[in-house]
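Chain by chain, the residues:
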Amino acid sequence: MGSAEYEIQQRVEVEIPPTKPFFHSLKSSLKETFFPDDPFKQFKNQPVARKFLLGLQYFVPILEWAPRYTFEFFKADFVAGITIASLAVPQGISYAGLANLPPVIGLYSSFVPPLIYAMLGSSRDLAVGTVAVPSLLISSMLGKEVNPHQNTKLYVQLVLTATFFAGVFQAALGLLRLGFIVDFLSHAAIVGFMSGAATVVCLQQLKGILGLVHFTHQADLVSVMKSVFSQIHMWRWESGVLGCCFLLFLFTTRFFSRKKPVFFWINALAPLTSVIMGSLLVYLTHGENHGIEIIGHLKKGLNPPSLSELETAFGSTHLTTAIKTGIITGVIALAEGIAVGRSFAVFKSYHIDGNKEMIAIGMMNIVGSCTSCYLTTGPFSRTAVNFNAGCKTAVSNIVMATAVMITLLFLTPLFYYTPLVVLSAIIITAMVSLIDYEAAIHLWGLDKFDFIVCISAYVGVVFGSVETGLVIAVAISLLRILLFVARPKTSIMGEIPNSMTYRSIEQYPKANLVPGILILHINAPVYFANASYLRERISRWIDEEEDKLKYSANDLQYVVLDMSAVGSIDTSGISMLEEIKRNADRRCIKLVLANPGGEVMKKLDKSKFIDTIGQEWIYVTVGEAVNACNFMLQTCKPKTKAVNEEADDKV
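What you are looking at is a predicted structure, and each value in this text was computed from that prediction instead of being measured. (Residues numbered from 1 in each chain as written. Predicted model: local features only at pLDDT ≥ 70, side-chain atom pairs only at ≥ 80, totals over all residues. Heavy atoms only, no water.)

Along the backbone of the protein chain there are 29 helices and six strands. Taken across its 651 residues, the protein chain has 50% of its residues classed as buried. Contacts spanning at least 24 positions in sequence make up 80% of the contacts within the protein chain whose residues lie at least 6 apart. Averaged over its 53 positive side-chain charges, the protein chain has a centre that lies 6 Å from the centre of its 50 negative ones. (Helix = DSSP H or I, 4+ residues; strand = E, 2+ residues; numbered from the N terminus. Buried < 20%, exposed > 50% of the residue type's maximum accessible area, 1.4 Å probe, protein only. Contact = heavy atoms within 4.5 Å. Lys, Arg positive; Asp, Glu negative; His and termini not counted. Charge placed at Lys NZ, Arg CZ, Asp CG, Glu CD.)

Summed over all chains, the structure comprises 14 salt bridges. The closest approach of N and O atoms between Asp450 and Arg480, which form a salt bridge, is 2.4 Å. Of this pair, Asp450 sits in helix H22 (residues 448–464) while Arg480 sits in helix H23 (residues 466–486), and the two are 30 residues apart along the sequence. For Asp450, a relative accessible area of 19% puts it in the buried group. With its nearest N and O atoms 3.4 Å apart, the salt bridge here joins Lys602 to Glu599. Here Lys602 and its partner Glu599 are both found in helix H26 (residues 598–606), three residues apart, which amounts to about one turn of the helix. Each of Asp447, Asp450 and Arg480 takes part in one network of salt bridges that share partners. (Salt bridge = Lys/Arg side-chain N within 4 Å of Asp/Glu carboxyl O.)

This brings us to the packing of helix H8 (residues 132–143) against helix H10 (residues 187–204). At a minimum axis separation of 10 Å, H8 and H10 run at an interaxial angle of 70°. What the angle tells us is that H8 and H10 run roughly perpendicular. Here H8 runs over H10; the crossing is left-handed. Facing Val133, Leu136 and Leu137 of H8, the residues of H10 in contact are Phe193, Met194, Ala197, Val200, Val201 and Gln204. Grouping the amino acids of the contact of H8 with H10 by side-chain chemistry returns eight nonpolar, one polar and no charged. (Axes fitted to C-alpha atoms, helices over the stretch in contact; angles between N-to-C directions. Parallel < 35°, antiparallel > 145°, perpendicular 65-115°, else oblique. Left-handed = near helix turned anticlockwise from the far one by under 90°. Nonpolar A, V, L, I, M, F, W, Y, C, P; charged D, E, K, R; others polar.)

Glancing now at the UniProt feature "transmembrane region" (unreviewed entry) in the protein chain. Here the UniProt-annotated "transmembrane region" (unreviewed entry) positions come out as residues 126–143, 155–178, 235–256, 262–284, 414–435 and 455–483. Between the end C-alpha atoms of residues 235–256 there is a gap of 32 Å, over a span that is 91% helix and 0% strand. Taken end to end, residues 455–483 is 97% helix and 0% strand, and its first and last C-alpha atoms sit 19 Å apart. (UniProt positions renumbered as here; feature names shortened; annotations may be inferred.)

This next bit is on the packing of helix H21 (residues 437–446) against H22. Across the interface, H21 lies against H22 with an axial gap of 6 Å and an inter-helix angle of 145°. Residues Ala440, Leu443, Trp444 and Leu446 of H21 lie in contact with H22, whose contacting residues are Lys448, Asp450, Phe451 and Cys454. Of the residues assigned to the contact of H21 with H22, the class counts are six nonpolar, no polar and two charged.

The first and last C-alpha atoms of helix H9 (residues 152–175) sit 34 Å apart over 24 residues, in line with the 34 Å expected at 1.5 Å per residue. For H9, a buried count of 17 out of 24 residues is recorded, marking the element as mostly surrounded by other parts of the structure. Positive backbone phi, approximately 60°, marks Arg177, located one or two places after H9. (Expected span 1.5 Å × (residues − 1).)

In this description, an aromatic ring pair is defined by two values, namely the gap between the centres and the angle between the planes. For the coordinates displayed, the defined rule picks out 17 aromatic pairs. Here the aromatic rings of Phe347 and Phe387 are separated by 5.6 Å at their centres, their planes lie at 45°, and the arrangement is tilted. Within this pair, whereas Phe347 is found in helix H16 (residues 319–348), its partner Phe387 is found in helix H18 (residues 380–388), the two being separated by 40 residues in sequence. Judged by its relative accessible area of 60%, Phe347 is exposed. Through a chain of ring-to-ring contacts, the aromatic side chains of Phe344, Phe347, Phe380 and Phe387 assemble into a single cluster. Positioned above the aromatic ring of Trp444, the side-chain terminus of Lys448 is 4.7 Å from the ring centre. A cation over a ring is seen here: Arg537 above Trp541, with NZ or CZ 3.8 Å from the ring centre. (Phe/Tyr/Trp six-rings, centres within 6.5 Å; stacked < 30°, edge-to-face > 60°. Lys NZ or Arg CZ within 6 Å of the ring centre and 35° of its normal.)

Under the definition given, this model contains three cavities of 30 Å³ or more. Put simply, the largest cavity is a space of about 130 Å³. Around the largest cavity, the lining is made up of 13 residues, and of these Glu336, Phe380, Ser381, Met431 and Leu434 lie nearest the centre. Elements that contribute at least two residues to the lining of the largest cavity include exactly H8, H18 and helix H20 (420–432). For the lining of the largest cavity, the residue count by class is 10 nonpolar, two polar and one charged. (1 Å grid on protein atoms, 1.4 Å probe; cavity = no way out; pocket = protein on both sides within 12 Å on 5 of 7 lines; lining within 4 Å. Points joined across faces, edges and corners; volume = space filled by probe spheres on them.)

On to the nonpolar core. If you look at the biggest cluster of nonpolar residues, it comprises 96 residues, and the most contacted ones within it are Ile93, Tyr95, Leu101, Phe193, Tyr374 and Met431. Ranked by size, the runner-up nonpolar core spans 49 residues in total, among them Ile492, Ile517, Leu577 and Ala584. (Core = buried A, V, L, I, M, F, W, Y, C linked by side-chain atoms within 4.5 Å.)

In this model, the protein chain carries an average pLDDT of 86, and 95% of its residues clear a pLDDT of 70 or more. Counting interchain partners and residues more than four positions distant, the pLDDT-below-50 stretch residues 1–9 has 10 contacts. Note on residues 642–651: pLDDT under 50 across the span, and two contacts to partners over four residues away in sequence or across chains. (pLDDT = per-residue confidence, 0-100.)

Strand S1 (residues 490–495) sits mainly inside the fold: five of its six residues count as buried. With three bridges joining them, S1 and strand S2 (residues 502–504) adopt antiparallel strand pairing. Counterpart to Gly494 in the pairing with S2 is Arg503. Taken together, S1 and the strand that follows it, S2, pair antiparallel across an intervening segment of six residues, in which Asn498 is found at a positive phi of about 60°. (Pairing = 2+ DSSP bridges.)

On the surface, Leu478, Ile481, Phe484, Val485, Tyr527 and Phe528 cluster together into a nonpolar patch covering about 560 Å² of accessible area. Of the residues forming the nonpolar patch, the biggest block, four residues, is contributed by H23. Relative to the elements of secondary structure, Val485 occurs in helix H23. (Patch = residues over 30% accessible without salt bridge, like charges linked within 9 Å, V, L, I, M, F, W, Y side chains within 5 Å. Areas by Shrake-Rupley, 256 points an atom, 1.4 Å probe, with all protein chains shown as cover.)

See the structure below:
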């Protein structure tokens, strides 16, 4: 403390940054909001022709990497493409059934969209195709408006329309650089929602496993269980035995592949093997005559154009529902596709541009909706197989699409005898891996609130509906954001022994409190949403500190606010500081600020709060502020509360 006076005299003043023109500040803020990755950097100091080429490569990435493509890459991509095609065919047929669509539409959706993504996508590993959860959402939301079995044509038109608007919404998010909107679905909410949806999907496959003809269109647990057990007399033991056998086969191959990753291809080929074995078994035993339902006729040929279907649906009274379905399923598909792409990009140390991915996924769904395809994205299971098969680029998607094209042209009659129970087994096997109970256990140990978010989303889906679970997931995620903003963390700080460092006494219990000085840390920007709370919380800290010192020799003389974490402040926040200053003055306590940032200093200067508190009571560090307060305590005899109260009584 001997150098306190010297330090006060030599202290560095907290400077006020120069004011920038309004439009310059606005431009800077918009750039940080919409272009944090600075995509225009590559265009600087480039001739016009080069800028045009770079622009094309930015929106069509295949133009950037195709010139460097080698035959060695093609060999790896060919093997990976054929491998994922063996998964795409049975999954496409299965998920189309989940969406209550004709099975051939699932194959259409594995032909055109992968070709579009191969040109526009930035991920080398993402394998494009249909996915279970959006398929279930489409069935759940549109099935309430139009019965897919009684009015199949209108239902298909609405699904294609929902896919079109999903693509428009996805591409718009990317073009407008609004990808951060997807981030409002927290990881915990996604885990709970996806696990709940996977549970519901598995439950609905009991229809296929048990060979039931009539089944509930509701997706909640109670309705499904009621439908299952009210039809015990309709259960087909042949279908049940066949389903259990294929479930055992699929789970065994998955377990073996996980134990021996080098044999990943066994798990990848298991669904197609099941389809072939099941079809042969039904054909040889005439199982269709013994209660085993089959796919039946699949239309031969490539995707027919569907612009006329879209045009018809645009005039439908159900257009609003189709738009709502498209937006909701589009967000879910985006969240899954981008998360999967980024996860595998980490393993190969390359970067994925989220906004470019949104444009790519959006465009493939727009084009897909015009060619009889429904919603597609990058499913985890197919992408994992693509990655393990050694893919090098998005050409593996082109190879897969070519294989599906050959299937559509020549092989669809071979699927006539494919039993629906096999497709149900394939879906169940894929969905079980999405029920991530380990992640829920991890959330319980890490963050109880996140666990509540996860379980609430799960319960909402399983016991309510998919839409209910999604609303709960989003609502609780937004609630948490509001709680973070409206109830920021504040803490008392103390001096760590043998240092000039001040930290929270909650984190560092051995930190020493400074007599007569209360040091408070505000750990968030100060806005209208939290200004009132901070005023009350700081006042309570002061009251509690004065109560502690009531019977001691020291009075509370100084309150130091550490504002190092306060990145910005608005007018409500400044009003809060002014009120705290007045309250402190009434108690004969001096308010001191430590380390306010540049933006905060600008606002404090414009509001004249710096003149109110005095520039000499604003310090660069908490240490300087405490030294100054200690110096004043040692050299000056501040007027005590008792003296002031006595003076007030005389007046």
